[in-house]
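What follows is the residue order along each chain.
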Amino acid sequence: KALGGGIIPVSAVVGTEEFMSAFTPGTEGSTFGGYPIACAAACASLNYIVDNDIPNKALELGNYFVEKLQGIPNVSVENRGLLIRLEIKGIKSAKPVCQEMLLGHREPRVFMKHGHYDEAKDTAYARIAPPPGAMTKELIDEAVENTIKPILLEVTKG
């Protein structure tokens, strides 16, 4: 999705010499192979990622986001860059939490994806994956203080 700027379907396969040797002419096809606009979008996306040091920005902002989320009772947080997982103890589903974050009356609204429920741990999982190119520390502060923390404190009775 990101390779096409989120609007044009395009994909790529990258791998070691050994892995890529499995592909020979005629063994793999492509719905949009050679589509010039998709290739231009992919090049523009890759240039943006490199020019704006998006991997390091994602790492820095992800760690900052997790730091801001630490200390919420009954919520554990871990991340890989801006891909952030929340473990919320004591609730059967994170779906109502995610709906409140996005559709509730708090600003800013926050998009979170709900995950599975682990009965043995009595823990529901949710994921936050904000776009690194558009994310700032100020937005993180605002989202945590006005939306995420108050809602999580309410549902976990923290």
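Only a predicted model underlies this, so the values are computations on that prediction, with no experimental measurement involved. All residue numbers here refer to positions counted from 1 along the written sequence of the relevant chain. For this predicted model, a pLDDT threshold of at least 70 governs which residues receive local features, and a threshold of 80 or more governs which side-chain atom pairs are given and counted, while totals over whole chains, interfaces and linings are taken from all residues. No hydrogens and no water enter the side-chain calculation; it runs on all heavy atoms of the structure.

Draft legend 1. How the structure looks around the pattern of salt bridges. When a carboxyl oxygen of Asp or Glu lies within 4 Å of a side-chain nitrogen of Lys or Arg, that pair is called a salt bridge. Throughout the structure, instances matching the rule amount to 6 salt bridges. Note that K137 is salt-bridged to E60, the shortest N-O span being 3.4 Å. Here K137 is found in helix α5 (residues 137-156), whereas its partner E60 is found in helix α3 (residues 54-69), with 77 residues between them in sequence. Here E60 falls in the partly exposed class, since its relative accessible area comes to 47%. Ionic pairing is found between K149 and E145, a salt bridge with its closest N-O pair at 3.8 Å. Note that K149 and E145 are positioned in helix α5 at a spacing of 4 residues, about one turn of the helix. Residue burial is assigned from relative accessible area. The probe radius is 1.4 Å, only protein chains are included, and a residue is buried under 20% of its type maximum, exposed over 50%, and partly exposed in between. By relative accessible area, E145 is classed as partly exposed at 46%. In this description a helix means any DSSP run of H or I spanning at least four residues, a strand means any run of E spanning at least two, and both kinds are numbered starting from the N terminus.

Draft legend 2. Region of interest: helix α2 (residues 36-51). Here α2 spans 22 Å end to end across 16 residues, near enough to the 22 Å set by a 1.5 Å rise per residue. Phi for D53, located one or two positions after α2, is positive at around 50°. By definition here, a helix of n residues has an expected span of 1.5 Å times n minus one.

Draft legend 3. Spotlight on the nonpolar core. Ranked by size, the top nonpolar core spans 30 residues in total, and within it F65, L69, I84, L86, I148 and L152 carry the most contacts. Secondary-structure elements contributing two or more residues to this core are α3, β1 (75-80), β2 (83-89), α4 (95-103), β4 (123-128) and α5. Setting aside residues up to four positions removed in sequence, F65 forms contacts with L82, I84, I128, P130, I140, V144 and I148. Buried Ala, Val, Leu, Ile, Met, Phe, Trp, Tyr and Cys residues that are joined via side-chain atoms within 4.5 Å together make up what is termed a nonpolar core. In what follows, a contact means two residues having at least one pair of non-hydrogen atoms within 4.5 Å.

Draft legend 4. Layout of the side chain of T156. With respect to the helices and strands, the residue T156 is situated in helix α5. Overall, T156 belongs to the buried group, its relative accessible area being 8%. Distance and chemistry together define a polar contact, namely a pair of N or O atoms within 3.5 Å, with one atom able to donate a hydrogen and the other to accept it when in protein, and with adjacent residues in sequence counting only for side-chain atoms on both sides. A distance of 3.3 Å separates a polar side-chain atom of T156 from the backbone oxygen of P73. For T156, the side chain forms a polar contact with the main-chain oxygen of L152, separated by 2.7 Å.

Draft legend 5. Local environment of the pairing of strand β3 (residues 113-118). Two strands pair if DSSP finds at least two bridges between them. Here β3 runs beside β4; their pairing, made up of 4 bridges, is antiparallel. Opposite D118, over in β4, you have T123 as the bridge partner. The turn joining β3 and β4, which pair antiparallel and follow one another in sequence, is formed by 4 residues; a positive phi near 50° is taken by D122.

Draft legend 6. Region of interest: the side chain of T123. Note on placement: T123 falls in strand β4. Looking at T123, its side chain comes within polar contact range of the side chain of K89, at 3.4 Å. Once you skip the residues sitting within four places of it in the chain, T123 turns out to touch E87, I88, K89, I91, H116, Y117 and D118.

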